[in-house]
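Okay, here's what each chain looks like letter by letter:
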Amino acid sequence: MIPGPALLFCPADRPDRFAKAASRADGVILDLEDAVAPGARPAAREALIAAGRAVADDGAALVPERTIVRVNPPGTPDHERDLAAVRATPFRTVMVAKADARLPVLGGLDVVALCETAAGVVDAAGLARREDVVALMWGAEDLVASLGGTSSRFGPGERAPGAYRDVARQARATVLLAAGAAGKQAIDAVHLDLDDLDGLRAEAVDAVASGFAATACIHPRHVAVIRDAYAPSAEEVARAEGILAAAADHGAGGGAGVFALDGVMVDEPVLRHARAVLARAGA
């Protein structure tokens, strides 16, 4: 299972930030790719290995079950070096940048396939069906760049300033559906505008309502917003409990079928929604 709901990216060449990132988020993504300049990647891999050695120590900053390592894309000079560094640590979940159908089997590692190119989005269903893939994530900026575009969001003066363009929304839905069809988790993309907390919250609320398991972020300030968005309100919990209690009274859990509650039809999908709300609430 991928930790969540808030996954915080942390540059792997900044070991001074590892403890802070781990303490603030539900999971940490140590980034060997875009967050690290090419010349700094050897040092980043050494920092990763050193952090792995420290895991056995009391008070270690990183916990393997809550740590994901983003590695460079297959076919790049850094990809195999990144994997060698990961295998020298106790961390066993890697996020593969720019994943597509050409992704080789990475023996002994769980894979989060980052579908952030046109090829990756088109190949999402096949990636999700792989046994070594535990989750899918999508990314907007690399996707649009792979298409020759210039922006994943509408700009000032366009029809919906700040909102994703249609191609990005389609990619987001495609990746979510591919993950769900294969019984895998899906991770929503980062919100790059660090000061747009309202926009982040709206996207996170939509993410959890749509079925994403987690949302990634690049600033610690975003963690609380994501957690709040994923946590059901007291009213939602009460409603879910009421639906399940009514189902028990009506025998719906034993296959009695549809019934009405407060003028609203309740059937198995509605019961599953209610169970999902209580699961998020930890009930």
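Residues numbered from 1 in each chain as written. Predicted model: local features only at pLDDT ≥ 70, side-chain atom pairs only at ≥ 80, totals over all residues. Heavy atoms only, no water.

Moving on: the side chain of T117. Take T117: it is sitting in the loop between β5 (110-115) and α4 (118-122). Here T117 falls in the buried class, since its relative accessible area comes to 14%. Beyond its immediate chain neighbours, meaning those up to four positions away, T117 contacts K98, L143 and S146. (Helix = DSSP H or I, 4+ residues; strand = E, 2+ residues; numbered from the N terminus. Buried < 20%, exposed > 50% of the residue type's maximum accessible area, 1.4 Å probe, protein only. Contact = heavy atoms within 4.5 Å.)

What follows covers the sheet that holds strand β6 (residues 133-138). With parallel pairing, the 8 strands of this closed barrel are ordered in space as β1-β2-β3-β4-β5-β6-β7-β8. With direction set aside, neighbouring strand axes in the sheet form an average angle of 25°. By the bridge criterion, 5 bridges tie strand β1 (residues 6-11) to strand β2 (residues 27-31) in an arrangement that is parallel. Along β2, the bridge assignment pairs F9 with I29. Along the sheet, helix α7 (residues 166-181) contacts β5, β6 and β7 (185-188); its crossing angle with β6, the most-contacted strand, is approximately 170°. (Pairing = 2+ DSSP bridges. Axes fitted to C-alpha atoms, helices over the stretch in contact; angles between N-to-C directions.)

For the rest of this paragraph, the subject is the domain arrangement of the protein. If you check the domain split of the protein, you get domain 1 (6-230) and domain 2 (234-282). One C-alpha centre belongs to domain 1, the other to domain 2, and the line joining them spans 34 Å. (Domains from an automatic or database assignment.)

Moving on to the packing of aromatic side chains. Here the distance between the centres and the angle between the planes together describe a pair of aromatic rings. Evaluated as defined, the whole model comprises 1 aromatic pair. The interplanar angle of 65° and the centroid separation of 5.2 Å between the aromatic rings of W138 and Y164 together place this pair among those described as edge-to-face. Taken as a pair, W138 in strand β6 and Y164 in the loop between α6 (140-146) and α7 lie far apart in primary sequence, 26 residues in all. On the basis of relative accessibility, which here comes to 0%, the residue W138 falls in the buried class. (Phe/Tyr/Trp six-rings, centres within 6.5 Å; stacked < 30°, edge-to-face > 60°.)

Attention now moves to the layout of surface pockets. A volume near 990 Å³ is recorded for the largest pocket. Every residue lining the largest pocket is counted, 37 residues in all, and those nearest its centre are V208, G211, A276, V277 and R280. Sorting the residues of the lining of the largest pocket by element identifies α7, β7, α8 (197-210), α9 (221-230), α10 (234-250) and α11 (268-281) as the ones contributing at least two each. Considering each element in turn, the lining of the largest pocket owes the most residues, 8 residues, to α11. When residues of the lining of the largest pocket are sorted by domain, at least three fall in each of domain 1 (6-230) and domain 2 (234-282). Roughly 370 Å³ of internal volume is contained in the second largest pocket. Together, 22 residues line the second largest pocket, and F9, R70, V190, L192 and I218 are the ones closest to its centre. (1 Å grid on protein atoms, 1.4 Å probe; cavity = no way out; pocket = protein on both sides within 12 Å on 5 of 7 lines; lining within 4 Å. Points joined across faces, edges and corners; volume = space filled by probe spheres on them.)

With that out of the way, let us pick up the packing of helix α2 (residues 41-53) against helix α3 (residues 77-87). Between α2 and α3, the least distance of the axes is 9 Å, while the angle of their chain directions is 20°. Here α2 is positioned roughly parallel relative to α3, judged by the angle of their axes. The interaxial crossing formed by α2 with α3 has right-handed handedness. On α3, the residues touching R41, R45, L48 and I49 of α2 are D78, R81, D82, A85 and V86. A per-class count over the contact of α2 with α3 returns 4 nonpolar, no polar and 5 charged. (Parallel < 35°, antiparallel > 145°, perpendicular 65-115°, else oblique. Left-handed = near helix turned anticlockwise from the far one by under 90°. Nonpolar A, V, L, I, M, F, W, Y, C, P; charged D, E, K, R; others polar.)

Taking 1.5 Å of rise per residue, the 13 residues of α2 would be expected to cover 18 Å, and the 18 Å separating its terminal C-alpha atoms lies within 8% of that figure. All of the buried residues in α2 are R41, A44, R45, A47, L48, I49, A51 and G52. Residues of α2 that are buried sit in contact with α1 (18-24), β2, β3 (67-71) and α3. (Expected span 1.5 Å × (residues − 1).)

With that settled, the discussion passes to the pairing of strand β8 (residues 214-217). Burial along β8 is two-sided: the face carrying A214 and A216 and the face carrying T215 and C217 are both buried. Judged from the 3 bridges that link them, β1 and β8 form a sheet pairing that is parallel. When the sheet's bridge partners are listed, A6 is paired in β8 with T215. Alignment of β7 against β8, held across 2 bridges, turns out to be parallel. By the bridge assignment for β8, I187 is matched with A214. For the handedness criterion, the β-α-β arrangement of β7, α8 and β8 is classed as right-handed. (Right-handed = clockwise from strand over helix to strand, strands pointing away.)

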